[in-house]
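# A look at the structure
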Amino acid sequence: MSTPELTLADVLQPEWRVSPRVRALVTTRNGGVSAPPFGRWRDGVDLPGGLNLGRRAGDDPQAVEINRARLLALTGAPAAWLEQVHGAEVVRADEVLAGAQQGAAPVRADASVTDQPGVVCVVMIADCMPVLLCDEKGRAVGAAHAGWRGLAAGIVEKTAQRVADLAGEGTGALHAYLGPAIGRGAFEVGADVRDAFMNGVEAVQRDATAKGFVPRPEMPGKYFADLAALARIRLNQIGITRVSGGDICTVTQRERFYSYRRDRETGRMAAMIWLAG
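We now turn to the structure provided with this report. Bear in mind the structure is a predicted one, so any value in this text is a computation, not a measurement.

Conventions used here
- Residues numbered from 1 in each chain as written.
- Predicted model: local features only at pLDDT ≥ 70, side-chain atom pairs only at ≥ 80, totals over all residues.
- Heavy atoms only, no water.
- Salt bridge = Lys/Arg side-chain N within 4 Å of Asp/Glu carboxyl O.
- Helix = DSSP H or I, 4+ residues; strand = E, 2+ residues; numbered from the N terminus.
- Buried < 20%, exposed > 50% of the residue type's maximum accessible area, 1.4 Å probe, protein only.

Moving on: the pattern of salt bridges. In the structure shown here, the tally under the stated rule is 15 salt bridges. With a shortest N-O distance of 2.8 Å, Arg 55 and Glu 65 are connected by a salt bridge. Pair noted here: Arg 55 is in the loop between strand 5 (45-47) and helix 1 (61-75) and Glu 65 is in helix 1, with a separation of 10 residues, a long-range link. Accessibility expressed as a relative area gives 35% for Glu 65, which makes it partly exposed. The partner of Arg 262 in a salt bridge is Asp 263, with the nearest N and O atoms 2.9 Å apart. For Arg 262, a relative accessible area of 19% corresponds to the buried category. On the basis of relative accessible area, Asp 263 is assigned to the partly exposed category, the value being 23%. Taken together, the salt bridges that share partners define one network made up of Arg 56, Glu 83 and Arg 108.

Spelled out as structure tokens, the structure:
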């Protein structure tokens, strides 16, 4: 399993103007030691060297642990790994990490926040949208796993409110970054998904929310959903207008990203945010 170490060239970083205390990154499928079908993709071939971080994806457990160790060597801080359930539960990353260090069972949640330096908020992804949040002065941060279920259930708003509370600010003072996720042209959904969003928003949001679903005339009852647009609507509604990212599709960029919708048997990437000491 001898491959080059993980470097910043293998990950994405938000382009936002916030305190240098705020550190954030999103991994790709490159920079690890996993073998196919969890490998890196080059010239139409799945090769060894993938950075799968998911313990339940079916990969060699030793490879996953090496990949996680490489990632944490890059962050220089421990991560508060969650057992994600596509819900809207938000927890404190420092409490999750303290429990894990004492041998506690994994915490079932889809977002974490912290105002403590040296604690990494992390969510894993393979098409669902990661949303990273912070205040401009670097007093608090949070990470949310926003698939359509979590997004419709308010995971982004709940995480933003928790970050704002820790920072001593209103939500309008926050910055948000929308990480790589399944793009509008690849995310086909049924009327049930559209209804979940339309029935859960206030009247002022209904028109904008409807535009987040593009009908497929040749397939009645089917739509292309725009996760990034739907996330922006919800962020804007709580005053968060400084939003970056949201333009990278995991499905179409096979050489960079794992995608469950595309491949089914695949790895998991991580979106991480933390405060430097």
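On to the environment of Asn 199. Within the element layout of this structure, Asn 199 appears in the loop between helix 5 (191-198) and helix 6 (203-210). On the basis of relative accessibility, which here comes to 65%, the residue Asn 199 falls in the exposed class.

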